[in-house]
Amino acid sequence: MLLLTIPRKVGIISWLATCFYFVIEPFFMMTSTAPYSLMQHAMSDLGVTSCGHFTYAVAPHEICSPYHLWMNVLFIINGITMTVGVLYLAQYLEKKVRTKLATIFIIILALGNIVSGFIPADVDFFLHSIAAQIGMITVLPGLWIYAKMLNNGKRWTYICLFALIVIFVLIILLFFVPLPAGLLQRLFYGIVFVWGTVLTFILTDSSFESS
């Protein structure tokens, strides 16, 4: 799958940069001219290009994000750094078909962020969300395959996988029970970001010890 070897430093920086999303996001929340709730509103609301109610199909609440362009740039950068980070982790696994499949499964979630940045929710909600929604499903078997094949970081990956499954079930329950949708979405992505960052350090340390 990899034509070039991704250096250790690039892998670490990629995952740290991916996590940095949550450091930058509050700026866009504070600059929103419409009330914005971390607990309830979707992350991509900050990238919506128009102002008002029902800017896209499932958003009856008011949205107005003056810096939506830069928020969408952040989504794209975040997806790229996560993709590089996942490809870096893939280098530590045996080169098998299921490893490549698992890597693709996880990268789909990153591609969802890239697509979201290029196609804001109010431009085309279906295209905006489809890759991200598929990615939130495929990342689960992706992490499960990784956990089975890892020598180091196996327990950490299983723990994160369990947490993701719990959050995914809660997200499904949103259709029936009022739950903090924005918080659940951020927790899902946050766990994936932290999983990749911590696993990178685990695998990097183990490679140093074995060399």
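Residues numbered from 1 in each chain as written. Predicted model: local features only at pLDDT ≥ 70, side-chain atom pairs only at ≥ 80, totals over all residues. Heavy atoms only, no water.

Draft legend 1. Inspection of the overall build of the protein at higher detail. For the protein, the helix and strand inventory stands at seven helices and zero strands. Written out in order from the N terminus, the α and β elements of the protein read α-α-α-α-α-α-α. Computed over its C-alpha atoms, the radius of gyration of the protein comes to 17 Å, within 12% of the 17 Å expected for a compact globule of 211 residues. When its C-alpha atoms are laid out on the principal axes, the protein stretches across 55 × 35 × 25 Å. Relative to its 211 residues, the protein shows a buried fraction of 49%. Looking at the protein alone, contacts between residues at least 24 apart form 72% of all its contacts between residues at least 6 apart. Total accessible area on the protein is roughly 10,600 Å²; 74% of this is exposed by carbon and sulfur atoms. Distance between charge centroids for the protein: 20 Å, based on 10 positive and 8 negative side chains. (Helix = DSSP H or I, 4+ residues; strand = E, 2+ residues; numbered from the N terminus. Rg over C-alpha atoms; globule rule 2.2 N^0.38 Å. Buried < 20%, exposed > 50% of the residue type's maximum accessible area, 1.4 Å probe, protein only. Contact = heavy atoms within 4.5 Å. Areas by Shrake-Rupley, 256 points an atom, 1.4 Å probe, with all protein chains shown as cover. Lys, Arg positive; Asp, Glu negative; His and termini not counted. Charge placed at Lys NZ, Arg CZ, Asp CG, Glu CD.)

Draft legend 2. Layout of helix α6 (residues 154-173). For α6, spanning 20 residues, the distance from its first C-alpha to its last is 29 Å, which sits close to the expected 28 Å at 1.5 Å a residue. Turning to α6, its buried residues are Thr157, Cys160, Leu161, Leu164, Ile167 and Ile171. Along the axis of α6, the buried residues cluster in a sector spanning 135 degrees; they form a single face. Along α6, the residues that are exposed and aim more than 90 degrees away from the buried face are Arg155 and Phe162. (Expected span 1.5 Å × (residues − 1). Arc of directions from axis to C-beta.)

Draft legend 3. Examining the packing of helix α4 (residues 97-118) against helix α5 (residues 125-149) more closely. At a closest axis distance of 7 Å, the pairing of α4 and α5 adopts a crossing angle of 150 degrees. Considered as vectors, α4 and α5 are oriented roughly antiparallel to each other. In this structure, the crossing between α4 and α5 has a hand that is left-handed. Grouping the amino acids of the contact of α4 with α5 by side-chain chemistry returns 17 nonpolar, eight polar and one charged. (Axes fitted to C-alpha atoms, helices over the stretch in contact; angles between N-to-C directions. Parallel < 35°, antiparallel > 145°, perpendicular 65-115°, else oblique. Left-handed = near helix turned anticlockwise from the far one by under 90°. Nonpolar A, V, L, I, M, F, W, Y, C, P; charged D, E, K, R; others polar.)

Draft legend 4. Main features of the packing of helix α2 (residues 21-31) against helix α3 (residues 68-90). Two numbers describe how α2 lies on α3: the axes approach to 11 Å, and their chain directions differ by 170 degrees. As far as their axial angle goes, α3 and α2 are roughly antiparallel. Residues Tyr21, Ile24, Glu25 and Phe28 of α2 form the contact with α3, whose participating residues are Trp70, Met71, Leu74, Phe75 and Asn78. Across the contact of α2 with α3, the residue classes tally to seven nonpolar, one polar and one charged.

Everything listed here is a matter of geometry and, on its own, says nothing about what the molecule does.
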